[in-house]
Structures are given as structure tokens and as C-alpha cells.
Amino acid sequence: MSFGSGKESGADRRFHEFHRDNPDVYRELMQLVREALRRGRKKMGIKMLWEVVRWNRFLRTNDEKYKLNNNLHSRYARLIMQKEPGLAGIFDTRELKS
């Protein structure tokens with residue numbers, strides 16, 4: 001699955017590898033999305049949710065090597081809108097540069 005011009009970029013590959021190795025990140029993002037929807041939110045920012053996940057992981061782990069790279073969150077927004085019925089358009093996105 002490519003998020004850019006149809007050809008998978010290096011950034012797309014890095015995203016897919018991270019997502020494959022860390023499926024819990026997607027699940028945690030979806031928990032936050034579902035909670036916001038239950039509270040009546042119709043739109044939200046992936047960066048805001050990303051920082052909540054980052055904070056939660058900061059509190060739960062002592063692993064200094066584990067990072068949530070800022071280059072990944074926009075692809076998570078696209079993946080969520082692509083995979084989850086009814087969530088198309090919940091995040092505003094810009095054209096990917098890579």
C-alpha cells in the first residue's frame with residue numbers, strides 16, 4: 001500500500017516496517033479516535049493523538065531506543081481513514097512530499 005504517487009517510497013517502506021513491528025501503536029491510536037468519537041468529535045488531528053501515544057509510552061517504558069518518529073503520523077492518519085469504515089475525512093491531510 002502506497003500513500004503517495006502510487007509507487008512506494010523509502011518513507012512508505014519505513015512506515016510499513018514500523019507498523020508491522022509495532023501493531024500496538026495503531027491499536028492505541030484507534031482507542032483514542034474511538035473515545036473522541038464517543039464524546040461527539042467529528043474531526044481531530046493525528047499529531048495531537050500521536051503526542052498522547054508518545055506521552056503514554058514515555059510513562060510506560062524505560063527503553064530509550066523506542067521512538068515514535070514524527071515522520072510516521074501522517075501515514076497513520078491515511079491508514080486509519082483507509083482501513084476503518086466511516087472514518088474517511090476524519091483527519092485533514094496534505095499531499096505527501098516523499
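Each chain has its residues counted from 1, following the order in which its sequence is written. Only residues with pLDDT of at least 70 get local features here, since the model is predicted, and only at 80 or more are side-chain atom pairs given and counted; chain-wide, interface and lining totals rely on the full set of residues. Water and hydrogen atoms play no part in the side-chain values, which are based on all heavy atoms of the structure.

Caption draft 1: Focus on the overall build of the protein. Here a strand is any run of E in DSSP of at least two residues, a helix any run of H or I of at least four, and the numbering for each starts at the N terminus. When you go through the protein residue by residue, the secondary structure sums to four helices and zero strands. Counting helices and strands in the order they occur from the N terminus, the protein gives α-α-α-α. Of all 98 residues assigned to the protein, the portion counted as buried reaches 38%. Here the accessible surface of atoms and residues is derived via Shrake-Rupley with a 1.4 Å probe, and residues count as covered only by protein chains that are part of the display. When the accessible surface of the protein is split by element, carbon and sulfur atoms take 49% of a total near 6800 Å². When accessible area is computed with a 1.4 Å probe and restricted to protein chains, residues below 20% of their type maximum are described as buried, those above 50% as exposed, and intermediate ones as partly exposed.

Caption draft 2: Here's a closer look at the pattern of salt bridges. Note on definitions: salt bridges are taken to be side-chain nitrogens of Lys or Arg within 4 Å of carboxyl oxygens of Asp or Glu. Tallied over the entire structure, the rule returns 10 salt bridges. Here Arg60 and Glu28 are joined by a salt bridge, their closest N and O atoms 3.0 Å apart. Residue Arg60 is found in helix H3 (residues 46–60), and its partner Glu28 is found in helix H2 (residues 23–38); the two are separated by 32 residues along the sequence. Judged by relative accessible area, Arg60 falls into the exposed class, the value being 55%. Residues Lys47 and Glu51 are paired through a salt bridge, measuring 2.9 Å at the closest nitrogen-oxygen approach.

Caption draft 3: The arrangement of the packing of H3 against helix H4 (residues 73–83) in detail. Two elements in contact, H3 and H4, have axes separated by 9 Å at closest approach and are oriented at 110°. It follows from the interaxial angle that H3 and H4 lie roughly perpendicular. Between H3 and H4 lies a crossing whose hand is right-handed. Across the interface between the two elements, Ile46, Lys47 and Trp50 of H3 pack against His73, Tyr76, Ala77 and Ile80 of H4. Across the contact of H3 with H4, the residue classes break down as five nonpolar, one polar and one charged. Between N-to-C directions, angles span 0 to 180 degrees; the directions come from axes that are lines fitted to C-alpha atoms, helices contributing only their stretch in contact. Any angle that falls under 35 degrees is termed roughly parallel, while one over 145 is termed roughly antiparallel, one within 65 to 115 roughly perpendicular, and all others oblique. With the far helix as reference, a near helix turned anticlockwise by less than a right angle produces a left-handed crossing, and one turned clockwise produces a right-handed crossing. Only heavy atoms matter for contacts: two residues are in contact if any of them lie within 4.5 Å across the pair. Residue polarity is assigned by list, with Asp, Glu, Lys and Arg as charged and Ala, Val, Leu, Ile, Met, Phe, Trp, Tyr, Cys and Pro as nonpolar; anything else, Gly included, falls into the polar class.

Caption draft 4: Region of the structure containing the packing of helix H1 (residues 10–21) against H2. Where H1 contacts H2, the axes come no closer than 4 Å and their chain directions differ by 85°. As far as their axial angle goes, H2 and H1 are roughly perpendicular. Of H2, the residues touching H1 (which contributes Phe18, His19, Arg20 and Asp21) are Pro23, Val25 and Tyr26. Across the contact of H1 with H2, the residue classes tally to four nonpolar, one polar and two charged.

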